[in-house]
Amino acid sequence: MNQVDERIMEWIRENGFASPGILARERGFSVSSGHIRDRCKWLQYAGLVAPIGGDLYDLTTEGILYLKGELDARHCPRPTPSKVFEDRYATPPGWIESGVTFRVRL
């Protein structure tokens, strides 16, 4: 957990669900929407926020308990980059294999 993570969760608690783009435009966030998107994925893996549709996130019960001081983040799953971002470079759905091969001559 870092300061951006806590700020994301506090903003969602005070204002309702949000997307990384909305959060990046808000005062108090000095990071890009891409960075906030990455942090939301980490928070999702830890079980503190959940996607509710598209790019929108809302707090989970565990996220609310964490903000109230009733849950220690050490008891949440510890995200690793390979787990959190495993879909970043995945083949898109509906991708069609062309069968074309390329050769590079050096």
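Our subject is the structure that appears above.
Parameters and conventions
Residues numbered from 1 in each chain as written. Predicted model: local features only at pLDDT ≥ 70, side-chain atom pairs only at ≥ 80, totals over all residues. Heavy atoms only, no water. Helix = DSSP H or I, 4+ residues; strand = E, 2+ residues; numbered from the N terminus. Buried < 20%, exposed > 50% of the residue type's maximum accessible area, 1.4 Å probe, protein only. Areas by Shrake-Rupley, 256 points an atom, 1.4 Å probe, with all protein chains shown as cover. Arc of directions from axis to C-beta. Contact = heavy atoms within 4.5 Å. Core = buried A, V, L, I, M, F, W, Y, C linked by side-chain atoms within 4.5 Å. Axes fitted to C-alpha atoms, helices over the stretch in contact; angles between N-to-C directions. Parallel < 35°, antiparallel > 145°, perpendicular 65-115°, else oblique. Nonpolar A, V, L, I, M, F, W, Y, C, P; charged D, E, K, R; others polar.

**Considering the overall build of the protein**
Okay, so step 1: For the protein, the helix and strand inventory stands at 5 helices and 2 strands.
Okay, so step 2: In sequence order, the secondary structure elements of the protein are arranged as α-α-α-β-β-α-α.
Okay, so step 3: Among the 106 residues that make up the protein, the fraction classed as buried is 27%.
Okay, so step 4: Surface accessibility of the protein: about 7700 Å² in total, with carbon and sulfur atoms responsible for 51%.

**A few points about helix H4 (residues 61-68)**
Okay, so step 1: All of the buried residues in H4 are Gly63, Tyr66 and Leu67. One side of H4 holds all its buried residues, which, seen down the axis, span an arc of 95°. Among the exposed residues of H4, those pointing more than 90 degrees away from its buried face are Thr61 and Lys68.
Okay, so step 2: Where H4 is buried, its residues contact helix H1 (3-15) and strand S2 (56-59).
Okay, so step 3: The positive-phi residue at the C-terminal boundary of H4 is Gly69, with phi of around 85°.

**A word on the nonpolar core**
Okay, so step 1: Counting 19 residues, the largest nonpolar core has Ile8, Met9, Ile12, Leu23 and Leu48 as the members making the most contacts within it.
Okay, so step 2: If you list the elements that add at least two residues to this core, you get H1, helix H3 (33-45), S2 and H4.
Okay, so step 3: A per-element tally of this core places H1 first, with 5 residues.
Okay, so step 4: Excluding residues within four positions of it along the chain, Ile8 makes contact with Leu23, Phe29, Ile36, Arg39, Cys40 and Leu43.

**With respect to the packing of H1 against H3**
Okay, so step 1: At a minimum axis distance of 10 Å, the contact between H1 and H3 shows a crossing angle of 80°. Here H3 runs roughly perpendicular to H1, going by the angle between their axes. Residues Val4, Asp5, Ile8 and Met9 of H1 form the contact with H3, whose own contacting residues are His35, Ile36, Arg39, Cys40 and Leu43.
Okay, so step 2: Partitioning the contact of H1 with H3 into residue classes produces 6 nonpolar, 1 polar and 2 charged.

**Looking at the environment of Asp58**
Okay, so step 1: Assignment of secondary structure puts Asp58 in strand S2.
Okay, so step 2: With 14 residues separating them in the primary sequence, Asp58 and Gln44 have C-alpha atoms 9.5 Å apart.
Okay, so step 3: With residues near it in sequence (within four places) discarded, Asp58 still touches Ile12, Phe17, Val49, Ala50 and Ile52.

By themselves, these observations are geometric and do not establish any function.
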